[in-house]
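Coordinate analysis (summary)
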Amino acid sequence: MRQRRGNLARSTIVAASSRSKQRVDSTLKLADQLRNDPAKSERLEACLCKACYYFTQMGGAAMTNRECAGCGKDEIYNSTATDALCLDCAKAHSLCKRCGGDRDMRTRRDTWPDMSETSSD
Ligand SMILES: [Zn+2]
Ligand SMILES: [Zn+2]
């Protein structure tokens, strides 16, 4: 494979520099949000972990149905970016609605919900 020669026109250099700066700035801003959790009350209200709340979520534009991993209730989403749980199950077990992990990203908890039992009724 061979790629085309780039160019060193001033406008190309400026554009590349600007893109790099934007990437760094937005990553630092994200890091800041993850560290300081500025929207904590909204985030907890939505039952999301920091990663799911602050990272941008990609999804295709298509109405999508997905059953809640906990109670099996059919949930409707307006994109393909769906959540693992319904709000009730996420709240009840202090889990992240979107990824289904612990809402505070704890990997050690005293009690773990056993969702597979609740879904087989
Ligand atoms: Zn549920
Ligand atoms: Zn999450």
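As a reminder, the structure under discussion sits directly above these lines.
About the thresholds
Residues numbered from 1 in each chain as written. Chains lettered and ligands numbered in written order. Predicted model: local features only at pLDDT ≥ 70, side-chain atom pairs only at ≥ 80, totals over all residues. Helix = DSSP H or I, 4+ residues; strand = E, 2+ residues; numbered from the N terminus. Rg over C-alpha atoms; globule rule 2.2 N^0.38 Å. Buried ≥ 20, exposed ≤ 12 C-beta atoms within 10 Å, placed from the backbone. Contact = placed C-beta atoms within 7 Å. Expected span 1.5 Å × (residues − 1). Core = buried A, V, L, I, M, F, W, Y, C linked by C-beta atoms within 7 Å.

1. Considering the overall build of the protein
- Counting its regular elements, the protein contains 5 helices and 2 strands.
- Along the chain direction, N to C, the helices and strands of the protein fall in the order α-α-α-β-β-α-α.
- Over its C-alpha trace the protein gives a radius of gyration of 20 Å, far above what one expects of a compact globule, namely 14 Å for 121 residues.
- Each principal axis of the C-alpha distribution contributes one length, and for the protein these read about 65 × 35 × 25 Å.
- Per-residue burial over the protein gives 16% buried out of 121 residues.
- Sequence separation of 24 or more characterises 32% of the internal contacts of the protein that already satisfy a separation of 6 or more.

2. Regarding helix α1 (residues 10-36)
- With 27 residues, α1 should reach 39 Å at 1.5 Å per residue; the first-to-last C-alpha distance of 38 Å fits that figure.
- Here α1 lies mainly on the outside; 0 of its 27 residues are buried.
- Note on α1: the residue one or two positions beyond its end, Asp37, has a positive phi of about 50°.

3. What about the environment of Gly72?
- Looking at where Gly72 falls in the secondary structure, it is placed in the loop between β1 (64-67) and β2 (74-77).
- Placed 18 residues apart in sequence, Gly72 and Tyr54 show a C-alpha to C-alpha distance of 27 Å.

4. Focus: unusual backbone geometry
- Of note, the phi angle at Cys47 is positive, near 60°, even though the residue is not glycine.
- Using a count of 24 C-beta atoms within 10 Å as the deciding quantity, one classes Cys47 as buried.
- The backbone phi angle of Ser94 is positive, close to 50°, even though this residue is not glycine.
- Of the residues examined, Ser94 has 15 C-beta atoms within 10 Å and is grouped as partly exposed.

5. Some words on the nonpolar core
- Leu48, Leu85, Ala90 and Cys96 are the most contacted members of the largest nonpolar core, which totals 13 residues.
- Counting residues per element, the ones that place at least two in this core are α3 (50-54) and α4 (87-93).
- Beyond its immediate chain neighbours, meaning those up to four positions away, Cys96 contacts Cys47, Leu48, Cys49, Cys52, Ala90, Gly101 and Arg103.

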